[in-house]
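# Structural characterization, general
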Amino acid sequence: MRKLLADLRAATGPAHVLAEPDVVAGYATDWTRRYAGTASCVVSPGSTSEVADVIRACAAHGTPVIPQGGNTGLVGGSVPAPGPAWPAPVILSARRLTGLEPVDVASGQVTAGAGTTIAQLHGHAAAAGFRYGVDLASRDSATVGGTIATNAGGIHTIRYGPTRSQLAGITAVLADGSVISNLSGLTAGSAGYDLAQLLTGSEGTLAVITQARLRLRDPEPAAAVLLAGTAGIAQAADLLARIRAAVPGLLAAEYVDAAGLALVREAAGLPAPLPTAYQGYLLAELTRTDPAGDADIYLQRLALAALPPDTAIAQDAGGMAALWAYRERLTEAIATAGIPHKIDVAVPASELDAFCAGLREVVRAAGPGPDGPARLIVFGHIGVGNLHVNVIGPDLADTEVDAAVARLAAAHGGSAAAEHGVGRAKTGWLGWTRSAAEIAAMRSVKAALDPAGLFNPGVLLPPPDPAASPG
Ligand code: FAD
Ligand code: MLT
Ligand code: ZN
């Protein structure tokens, strides 16, 4: 351990290797507080070459590496597993990799260090007259590297796609310390495998991302935000379909159920958004696809969507932010009510209603928690069929309710893992969403790029089945 620390200090400078147990424990516990493990230290390299030195040192000592960005991940992928203090993994924090180059106005692209936060990237893009296409409530901490590693979605996926759609190139350090880099941003280039896309969604299991070349979008000023009450998720989906047909430029379409709205109001002290309470709420943001055009035209077109009569509509910045608060502050509100079983799934639009009905059965079957009946809160990015199921109450060590929700999503033709990734939480469920051949191919990629299993052991891929015959 002493020799490893000395080698890491030599790589980054002593100030950037933290080994005090209390400090390390903070990095080794995830945002939800559900996942926590043991790490020997935290090392924060300040450049790609320092990352390479750190990787080589860890490889020489046979010490696994957990890449970490803002530590806002929700599936346990950014923290180590519980275990003995030695030989415990090293957490490689990418937070010092913050270089942000000037926006290349001609290509509409920017090169950003992996430790740049999404909020910093938004500010930088806006100052140059652009927008970055991924946005999420964790923007002040979530990093470019972490969002690439998870292929993060967020509130604008419906318009710009997930992080994968923004990526034009990458620099990363492989398990042998070699550096792969292609930041030219050229869209015309089909010379071999697309390594940037391979690393997107790899959750720190294949390489440490140190820089990314990102596509930016033209800014589209907001035209309006609306919040409509509905009789449930099916009616919210129907209303969304009508809005989509009536108005161009849908930037966001989010759903919050009645339990979620009540909780966020209670935790954040928010007033009722509408005169009447509903079973579900649809929040939509419209952009002005013609920035010079009249914002009111969008409202006139909205009339074609037959909005419910007491829909709240805001067109000024303060009013729009006030409506967004019911959705944006929900994850934090849930955290104040307890550590949830948090299951992020995707379900086809036609199955949303049946899935939600099944959910209520699943939660009933899970039984009460120590403080009373289990609480179910459902919300998410309804425009892309991505729902966040939160269950508060059942023992956190018992993963049966998590698995039952994921199985239900798969049974409805959906995915057991959507935008948050697989992490440590969902490795056992990968086979419900990906075929045996696909998982075998993923294992081959992992074995080729990281034969010693240095990066993020126990994340993404399930442990090999010992009963399976060799070869
Ligand atoms: P971390 O949590 O540090 O790491 C996540 C994973 O990426 C880990 O497996 C880690 O090993 C790997 N990783 C991190 N950095 C690197 C790197 N440089 N190289 C290689 N691997 C790396 N997610 C969404 O998709 N959409 C949302 O709308 C959304 N909203 C959220 C709201 C809140 C309030 C919170 C707390 C979380 C939310 N998340 C959301 C989850 C989370 O913010 C995302 O998963 C985000 O992409 C994680 O980024 P991070 O920098 O915090 O990564
Ligand atoms: C969100 O959309 O707010 C997030 O993905 C976070 C969550 O699931 O709680
Ligand atoms: Zn989300």
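Here goes a summary of the coordinates provided. Remember, predicted model here, so these are calculated numbers, not experimental data. (Residues numbered from 1 in each chain as written. Chains lettered and ligands numbered in written order. Predicted model: local features only at pLDDT ≥ 70, side-chain atom pairs only at ≥ 80, totals over all residues. Heavy atoms only, no water.)

Glancing now at the sheet that holds strand β1 (residues 17-18). Spatially, the four strands line up as an open sheet ordered β1-β2-β4-β3, and their pairing is mixed. Here the strands that pair on one side only, and so sit at the sheet edges, are β1 and β3 (65-68). In this sheet, strand β4 (residues 90-93) lies alongside strand β2 (residues 41-43) in parallel orientation, the contact comprising three bridges. Across the sheet, Val43 pairs through a bridge with Leu92, a residue of β4. Each of β2, β3 and β4 is contacted by helix α3 (residues 48-61), which is oriented at about 170° to β4, the strand it contacts most. (Pairing = 2+ DSSP bridges. Helix = DSSP H or I, 4+ residues; strand = E, 2+ residues; numbered from the N terminus. Contact = heavy atoms within 4.5 Å. Axes fitted to C-alpha atoms, helices over the stretch in contact; angles between N-to-C directions.)

Orientation of helix α8 (residues 233-246) relative to helix α13 (residues 352-366), taken along the N-to-C sense of each, is 160°, at an axis distance of 8 Å. The orientation of α8 relative to α13 falls into the category roughly antiparallel. By crossing handedness, the relation of α8 to α13 is classed as right-handed. Of α13, the residues touching α8 (which contributes Ile233, Ala234 and Ala237) are Leu352, Asp353 and Cys356. Of the residues that constitute the contact of α8 with α13, the class distribution is five nonpolar, no polar and one charged. (Parallel < 35°, antiparallel > 145°, perpendicular 65-115°, else oblique. Left-handed = near helix turned anticlockwise from the far one by under 90°. Nonpolar A, V, L, I, M, F, W, Y, C, P; charged D, E, K, R; others polar.)

Let's shift gears to empty space enclosed by the protein. Applying the stated criterion across every chain yields a total of three cavities of 30 Å³ or more. Taken as a whole, the largest cavity encloses approximately 50 Å³ of empty space. Contributing to the lining of the largest cavity are Trp31, Thr32, Arg33, Thr331, Ile334, Ala335, Gly338, Ile339, Pro340 and Lys342. In terms of residues, the lining of the largest cavity owes the most to one element, helix α12 (residues 330-337), which gives three residues. In terms of residue class, the lining of the largest cavity is made up of five nonpolar, three polar and two charged. Each of domain 1 (2-93) and domain 4 (338-432) accounts for three or more of the residues forming the lining of the largest cavity. (1 Å grid on protein atoms, 1.4 Å probe; cavity = no way out; pocket = protein on both sides within 12 Å on 5 of 7 lines; lining within 4 Å. Points joined across faces, edges and corners; volume = space filled by probe spheres on them. Domains from an automatic or database assignment.)

Our focus in this paragraph is the pattern of salt bridges. Counted under the stated rule, the structure contains 13 salt bridges. Arg96 is the partner of Glu50 in a salt bridge, and the nearest nitrogen-oxygen pair spans 4.0 Å. With Glu50 in helix α3 and Arg96 in the loop between β4 and β5 (109-113), the pair connects residues that are 46 residues apart, well separated along the chain. Residue classification places Arg96 among the partly exposed positions, given a relative accessible area of 33%. Between Asp135 and Arg139 there is a salt bridge, with the nearest N and O atoms lying 2.7 Å from each other. You'll find Asp135 and Arg139 in the same group, each marked buried. The structure contains a network of salt bridges with shared partners spanning Asp135, Arg139 and Glu328. (Salt bridge = Lys/Arg side-chain N within 4 Å of Asp/Glu carboxyl O. Buried < 20%, exposed > 50% of the residue type's maximum accessible area, 1.4 Å probe, protein only.)

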